[in-house]
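Residue-level structural notes
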Amino acid sequence: MSIVWKFGGTSVEKPETIQQVVRLFERAEERPRAIVFSAFAGVTNTLLELMNFAQSRDPGWQSLFDALERRHKEALQQLASDDSVTRGDVDRELGSLRDCLTGISLTGDISPKVSDIVLSFGERLSNQIISAAFRANGFEAEYLDARKILVSDRKFGEAHVLKNASYQKIREHFAADLPLQCVTGFIAASEDGETTTLGRGGSDLSASLIAAGLEATRLEIWSDVDGVLTVDPRIVPNSKLVSHLTYQEAMELSHFGAKVLYAPTLQPVREKGIPLQVRNTFRSDCSGTLISNETSTGKGIASGLSAIDQVVLITIQGSGMVGIPGVSHRLFGALATSQISVILITQASSEHSICLAIRPGEQAKAIDSIKQEFELEISVGRVDPPLLEEDCSIVSLVGENMQHTPGVAARVFDSLAKARVNVVAIAQGSSERNISLVVKAGDRISALRAIHSAFFEETPPSRCFVLGVGQVGSNLLSLIPQQESILRERFGRTLVVAGVANSSKYLLNEHTSHLSSHFSEKLASEGTPYTEISELGEVVLRSLGHGDVLVDCTASSSLTELYRTCFSNGISIVSANKTIQTQDWETYSELSQLARSGGCSWLYETSCGAALPVLSTLNNLVLVGDTVERIEAIFSGSMNYFFSELAKAVPAEEVYQKAKEEGYLEPDPRDDFLGTDFSRKLVIVARTLGLQIELDDVEVVPYLPIGCTEATSAEEFKNILFSSLSEIEARVSEVSSRGKVLKLVGTIESIKGSSAAVSLGLREFGLDDPLARVSGTDNILACYSRLYGTQPLVIQGAGTGPKLTASGVFTDILSATLTQRGSL
């Protein structure tokens, strides 16, 4: 029985991780005969840098080499300090590497052959040191240079292994009873003994070839991930581990971009029927992903989802292609002659057109080849000049159980339609185990999330896009990740922030579940500028889907069209922005209708009383048939705080500064002191009751010196206010001397049909009145109705502050997303 292991660079990055590999070997029930190791993490890139520095005769290569030398010698010292033999071997290897680099610096030339020699030192050094680490821990182990057992052609940089010759050498080498073999990955030798490298994923391929040559019972590839996931976790944070794949599924996923798998690796073990297991070095308790010829029972319809980020689409079409034999042969023959690999092909059943995808950078050569091959047909108009569409991506859904299962394609296209992703081209093989779609590159992430949600998530994550990153927005973005575990435990759901924006830039959150705590700085430094709200609207539509939510934490009055766009596309809106809800009645009514017809929510509880349940309570009263007769409310936490503190004889200027520091005041203090903000809240309450009230309908009884109302800027207002503070303090003191208090109170009364009298002003209250007892930043609403006649329904509590408002916004988000999707 033979088992082969392979460890990548991150698994042997430093002495501590190498010791972890040794412990895995020690605990293994079935120990491998051979372990293939990559170079230490980052070493291959360092060798490339060294060659470039040496070629340009940059003396900096000497210090970079010294750091590389020091890293390997220190690793050997920590792992096997008494192994003088290996120390001598490592010194000789480093000396040879230095000689190669010196030669490059003298000649200024790096041939592919020389490059392969230099790059081979990464694996040669790591495996000698690792084999010494095994011996230092009491295990018999030998260093094996793979150039002794793997034979390749002379295509330096991406050599092809000659399997039969290699298998023969592998069998001959392992015929003896050998200790553990620590084998260099990535490198081989030509039939003439020249050093070659196997290209990207070469160490995985080395392990696969050795396992095939030994006809091993299993190949295990260890890395820093749990196995193959349903999709890239940087794009979909709640991607899932795939416990089992067939070789066909694995080949399809690797072809279309799955990073864990390297397609050539699969072929040798697949031919020999050897199971391949992908495991995590740092989570050995996880069983990983098993790839074999067996089809697993109990799997879902699809197994995985992958994508190729950038491709170029070429279409050739024309009436001269219909019914003409050999057109495809000529097309692909021309591309093959030009060494162009075709990733995806789709052809119309009418034979009128053929569409294919290739890698970026090859389009000019491909177009020239096609034009040359079909020169005659193009000249007479029987074939159109080839059409080019750049900046595309391929998204592929793969699964054995997709075969003969009705409705798979329908579910794919339904999910993409809801995410507003347009499909440019479609390809599906006759095996039905793969559906591949070409979309614009900007839609790739939305497409992956939409399809993953449809096939792999019972409860897909809710997504939100936050506008405004001031005090409320910042507190909200801090709150969301704090509540993640509670959402998962109570509702089995997650809430993902898809992006944030301020008035000039936006930042998309494409790779992690939550934005970092430095999102504000990142928005400033890495955000994408925009000038028109319509541009931002396009970004929001690409980021959110049906049932997701836009969060408006701004005070902007120019977002009406964005609201229309979201509601028309089934995107709910949670708003702490009072300006939109208090536009003219016609616009407000139109937006409300759009939200209803779009099947989404428009929630703005925090527009009145921060996190107090004011609007939801009033709305419920209306729904149960109660008739509201009068409302009395203190809705300005900032003004209530201001007058409450003055009543305590605290200096007015000190009160003002404290209110500003605590975030109680609006960005423009006139909104608070002149009653504008309070008036908007009264309009919102009135409209919640079904009253057609405009902002101009609110009668504001003047309560500040006239100069304040005439100020044309926030700064001018502040100056006038401060010069008048003694007058305000005197009035508060006089009222207090009579055993009463001053409160800024709003009233909605004389309600008839859809009209009412709405007013706002300072009123005196006796100390036994409920409104008189409201202190600090508290808000209060007293509702007199048919059900609550003599004893009003009272809602009271803290009504201002960014943290409090953020919590109310978060509650609205939960209502808009989780309730709509059946989780609450």
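Figured I'd write up the structure that's included with this text. (Residues numbered from 1 in each chain as written. Predicted model: local features only at pLDDT ≥ 70, side-chain atom pairs only at ≥ 80, totals over all residues. Heavy atoms only, no water.)

**Considering the overall build of the chain**
Our working definition: We count a stretch as a helix when DSSP gives it H or I for four or more residues in a row; a strand needs E for two or more, and each element gets its number in order from the N terminus. Throughout, exposure labels follow a simple rule: accessible area from a 1.4 Å probe, protein chains only, divided by the maximum for the residue type, with under 20% read as buried, over 50% as exposed, and the rest as partly exposed. Here a residue-residue contact requires only that any non-hydrogen atoms of the pair lie within 4.5 Å. Charge assignment in this entry is limited to Lys and Arg as positive and Asp and Glu as negative, and neither His nor the chain termini are counted. One atom stands in for each charge, and that atom is NZ of Lys, CZ of Arg, CG of Asp or CD of Glu.
Looking only at helices and strands, the chain features 30 helices and 30 strands. C-alpha extents for the chain along the principal axes are approximately 105 × 75 × 55 Å. Buried positions account for 53% of the 824 residues belonging to the chain. Of the contacts made within the chain by residues no fewer than 6 positions apart, 73% connect residues no fewer than 24 positions apart. Across the chain, the 74 positively charged side chains and the 101 negatively charged ones have centroids separated by 4 Å.

**What about the side chain of D672?**
Note the following rule: Put simply, a salt bridge is a Lys or Arg side-chain nitrogen that is within 4 Å of an Asp or Glu carboxyl oxygen. Counting of polar contacts relies on pairs of N or O atoms within 3.5 Å, with two restrictions inside protein: one atom must be capable of donating a hydrogen and the other of accepting it, and residues adjacent in sequence are counted only when both atoms are side-chain atoms.
Within the secondary structure layout, D672 lies in helix α25 (residues 670-673). Notably, D672 is buried but unbridged: the nearest opposite-charge side chain belongs to K681, and the N-O separation is 6.3 Å. Within polar-contact distance, the side chain of D672 engages the side chain of S638 at 2.9 Å. Setting aside chain neighbours within four positions, we find D672 in contact with S636, S638, M639, Y664, L665, E666, D677 and Y703.

**Quick look at the nonpolar core**
For the record, the criterion: Here, nonpolar core means buried Ala, Val, Leu, Ile, Met, Phe, Trp, Tyr and Cys residues that are tied together by side-chain atoms lying within 4.5 Å of each other.
Formed by 86 residues in total, the largest nonpolar core has its most connected members in W5, F37, L101, F134, I210, L276 and I291. When residues in this core are grouped by element, the largest group, nine residues, is from helix α5 (residues 112-136). When sequence neighbours within four positions are dropped, the list of residues in contact with L276 reads L219, I221, Y247, T265, L266, V269, T289, L290 and I291. With 79 residues, the next largest nonpolar core counts Y506, C566, F643 and V655 among its residues.

**Focus on the sheet that holds strand β2 (residues 34-37)**
We apply this condition: Only strands that DSSP links by at least two bridges are regarded as paired with each other. The convention used is that axes are lines fitted to C-alpha atoms, helices contributing only their stretch in contact, and that angles between N-to-C directions extend from 0 to 180 degrees.
Spatially, eight strands are ordered β3-β5-β2-β1-β8-β10-β11-β9 in an open sheet, and the strand pairing comes out mixed. In this open sheet, the two edge strands, each paired with only one partner strand, are β3 (141-144) and β9 (244-246). For this sheet the average axis-to-axis angle between neighbouring strands, irrespective of direction, equals 20°. With four bridges connecting them, β3 and strand β5 (residues 180-184) associate as parallel partners. Across the sheet, the residue bridging to A141 is L180, located in β5.

**Quick word on helix α1 (residues 15-27)**
Note: α-helices contain 3.6 residues per turn, so residues at a spacing of three or four share the same orientation. The criterion, for reference: What a helix should span is 1.5 Å times the count of its residues minus one.
The end-to-end C-alpha separation of α1 is 19 Å, in line with the 18 Å expected for 13 residues at 1.5 Å each. Of all the positions in α1, only P15, T17, I18, V21, V22, L24 and F25 are classed as buried.

**With respect to the pairing of strand β28 (residues 755-766)**
Looking along a regular strand, one sees side chains alternate from face to face of the sheet. Strand direction decides the pairing type here: strand β26 (residues 698-700) and β28, joined by three bridges, are parallel. Paired with V700 across the bridge in β28 is L760. Relative to β28, strand β27 (residues 740-752) runs antiparallel, the two sharing eleven bridges. From the neighbouring strand, K743 faces β28, where its bridge partner is R763.

**Some remarks on the sheet that holds strand β14 (residues 353-358)**
Each strand in a sheet pairs with another by means of backbone hydrogen bonds, the pair being arranged parallel or else antiparallel. Here we have six strands laid out as an open sheet, ordered β13-β14-β12-β15-β17-β16, and antiparallel in their pairing. Looking at the sheet topology across the chains shown, the edges are occupied by β13 (344-347) and β16 (423-428). Across the sheet, the mean angle separating the axes of adjacent strands is 30° when strand polarity is ignored. Relative to strand β15 (residues 387-398), strand β12 (residues 304-317) runs antiparallel, the two being bridged by nine bridges.

**A look at the packing of helix α13 (residues 408-418) against helix α14 (residues 444-456)**
To keep it simple, the criterion reads: For classification purposes, an angle smaller than 35 degrees is called roughly parallel, one larger than 145 roughly antiparallel, one from 65 to 115 roughly perpendicular, and anything else oblique. Crossings are classed by handedness, with left-handed meaning an anticlockwise turn of the near helix from the far one by less than a right angle and right-handed meaning a clockwise turn. Under the scheme applied, nonpolar residues are Ala, Val, Leu, Ile, Met, Phe, Trp, Tyr, Cys and Pro; charged residues are Asp, Glu, Lys and Arg; polar residues are all the others, including Gly.
It is at 8 Å that the axes of α13 and α14 come closest, and there the two elements cross at 130°. When the interaxial angle is binned, α13 and α14 end up oblique. Like other packed secondary-structure pairs, α13 and α14 cross with a definite hand, here right-handed. Counting all contacts with α13, which are made through V408, R411, V412, S415 and L416, the residues of α14 involved are A447, A450, I451, A454 and F455. Across the contact of α13 with α14, the residue classes tally to eight nonpolar, one polar and one charged.

**Some details on empty space enclosed by the protein**
How we decide: Think of a 1 Å grid over just the protein atoms. A cavity is a set of points where a 1.4 Å probe fits yet cannot get out, a pocket is an open set with protein on both sides within 12 Å along at least five of seven lines, and lining residues have an atom within 4 Å of a point. Grid points are joined across faces, edges and corners, and a volume is the space filled by probe spheres set on the points.
On inspection of all chains with the given rule, the structure shows one cavity of 30 Å³ or more. Residue lining of the largest cavity: D204, I221, V260, L261, Y262, T265, L266, L276 and V278, and that is the complete set. Of all the secondary structure elements, the ones that give two or more residues to the lining of the largest cavity are α9 (263-272) and β10 (276-280). Across the lining of the largest cavity, the residue classes tally to seven nonpolar, one polar and one charged.

**Some points on unusual backbone geometry**
Even without a glycine there, the phi angle at R57 is positive, about 60°. When you line up the elements, R57 lands in the loop between α2 (43-55) and α3 (60-79). The phi dihedral of D391 falls on the positive side, at around 60°, and the residue is not glycine. Mapped onto the secondary structure, D391 falls in strand β15. Relative accessible area serves as the criterion here: at 39%, D391 is assigned to the partly exposed category.

**Some remarks on α5**
With 25 residues, α5 extends 37 Å from end C-alpha to end C-alpha; this agrees with the ideal 36 Å at 1.5 Å per step. Of all 25 residues that make up α5, 19 are buried, and the element is covered over most of its length. Two residues or fewer after α5 comes G138, characterised by a positive phi angle close to 90°.

**Considering the pattern of salt bridges**
Under the criterion given, the structure shown has 33 salt bridges. The shortest N-O distance in the salt bridge between K113 and E194 comes to 3.1 Å. Here the residue K113 occupies a position in helix α5, and E194 occupies one in the loop between β6 (187-190) and β7 (195-197), the gap between them amounting to 81 residues. Take K113: its relative accessible area is 35%, and that puts it in the partly exposed class. Accessibility expressed as a relative area gives 14% for E194, which makes it buried. The partner of R687 in a salt bridge is E694, with the nearest N and O atoms 3.3 Å apart. Look at the salt bridges and you will find they share partners, linking D66, E69, K73, D91 and R98 into a network.

**Side note on a nonpolar patch on the surface**
Put simply, the rule is: Each patch is assembled from residues with relative accessible area greater than 30% and no salt bridge, linking like charges that lie within 9 Å and nonpolar side chains (Val, Leu, Ile, Met, Phe, Trp, Tyr) that lie within 5 Å. Only the protein chains shown count as cover for residues, and the accessible areas themselves come from Shrake-Rupley with a 1.4 Å probe.
Taken together, L623, V624, L787 and Y788 make up a surface patch of nonpolar side chains, about 420 Å² in accessible area. Tracing the chain through its elements places Y788 in the loop between β29 (778-785) and β30 (793-798).

**Remarks on the environment of A450**
Locating A450 in the fold gives a position in helix α14. Along the chain, A450 and D91 lie 359 residues apart, while their C-alpha atoms are 54 Å from each other. Aside from chain neighbours lying at most four places away, what touches A450 is S415 and A419.

**Description of the packing of aromatic side chains**
In this description, a pair of aromatic rings is defined by centroid distance and the angle of the planes. Definition in use: Two aromatic rings from Phe, Tyr or Trp, using only the six-membered ring of Trp, form a pair when their centres are within 6.5 Å; if the ring planes differ by under 30 degrees the pair is stacked, by over 60 it is edge-to-face, and anything between is tilted. The rule for a charge over a ring is simple: NZ of Lys or CZ of Arg within 6 Å of the ring centre, and within 35 degrees of the ring normal.
Under the criterion given, the structure shown has 22 aromatic pairs. With a centroid separation of 5.7 Å and 15° between ring planes, the pair formed by F7 and F37 is classed as stacked. Here F37 lies in strand β2 and F7 lies in strand β1 (residues 3-7), a separation of 30 residues in the sequence. Counting every residue linked through ring pairs, the aromatic cluster contains W5, F7, F25, F37, F134, F139 and W222. The ring of F455 is capped by R411, whose NZ or CZ atom sits 4.7 Å from the centre of that ring. Against the face of Y588 rests R687, its NZ or CZ located 4.9 Å from the ring centre.

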